[in-house]
Amino acid sequence: MTQLPYAIDAETPLNPAELGVLRAQYEKEGELVGVQTKFNYAWGLVKSNTRSDQHLGVMLLSEIFRTSPERRRECLYYLALGNYKLGNYGEARKYNDLLLEKEPGNLQATNLRSLIDDKVAKEGLMGVAIVSGVAVVAGIVGGVLLRNFGRKR
């Protein structure tokens, strides 16, 4: 669990019954679904621990962001959060930074920035470790091959 109280949305999914209520309302409205209903359902999906739900939530929020300019500010945090949970840290940072430009004192966005930065740093270190490991293995294999090649002559 995170030590950042304002980023609690990153780790607290709705229970299945709550998400079910949002899904039922969304499906009931069908083709004529309202923006608020779509946003509520997307919000619940993004908070989910299920990757497919998170992906659908980000897609729905992206539609709202594109088609309803008056709702863009509301979408920014949850687009950032959804992309963070999906591992799309560049997109998460982009949306989060847009929100912080509009609301520099937004504690949720500030805490989410810390979570994004921590993940990027950890994954960057892991990438360095993997590349280093591959380089060491390649060096050992190359050394063995050169030694064996030298013996055959």
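Right above here is the structure, for reference.
Now for a description of the structure that goes with this document. In this text, all values refer to a predicted model and were calculated from it rather than measured experimentally.

The next subject is the pattern of salt bridges. Applying the stated criterion to the full structure yields 5 salt bridges. Across the pair Lys38 and Glu63 runs a salt bridge, and its minimum N-O distance is 2.8 Å. Note that Lys38 is positioned in helix α2 (residues 35–47) and Glu63 in helix α3 (residues 51–67), a separation of 25 residues in sequence. Overall, Glu63 belongs to the partly exposed group, its relative accessible area being 27%. Taking the shortest distance from any N to any O, the salt bridge between Glu74 and Arg71 comes out at 2.4 Å.

Take the environment of Ala24 next. Note on placement: Ala24 falls in helix α1 (residues 16–29). Sequence-wise, Ala24 and Tyr41 are 17 residues apart; in three dimensions their C-alpha atoms are separated by 9.2 Å.

A few words on the packing of aromatic side chains. As enumerated under the stated definition, the model contains 5 aromatic pairs in all. With a centroid separation of 6.0 Å and an interplanar angle of 55°, the aromatic rings of Tyr84 and Tyr89 are classed as tilted. You'll find Tyr84 and Tyr89 in the same group, each marked buried. Through successive ring pairs, a cluster of aromatic residues spans Phe39, Tyr77 and Tyr78. For the cation-ring pair, Arg72 lies above Phe65, with the distance from its terminal atom to the ring centre recorded as 5.3 Å. Just above the ring of Tyr95 sits the side chain of Lys94; from NZ or CZ to the centre is 4.8 Å.

Parameters and conventions
- Residues numbered from 1 in each chain as written.
- Predicted model: local features only at pLDDT ≥ 70, side-chain atom pairs only at ≥ 80, totals over all residues.
- Heavy atoms only, no water.
- Salt bridge = Lys/Arg side-chain N within 4 Å of Asp/Glu carboxyl O.
- Helix = DSSP H or I, 4+ residues; strand = E, 2+ residues; numbered from the N terminus.
- Buried < 20%, exposed > 50% of the residue type's maximum accessible area, 1.4 Å probe, protein only.
- Phe/Tyr/Trp six-rings, centres within 6.5 Å; stacked < 30°, edge-to-face > 60°.
- Lys NZ or Arg CZ within 6 Å of the ring centre and 35° of its normal.

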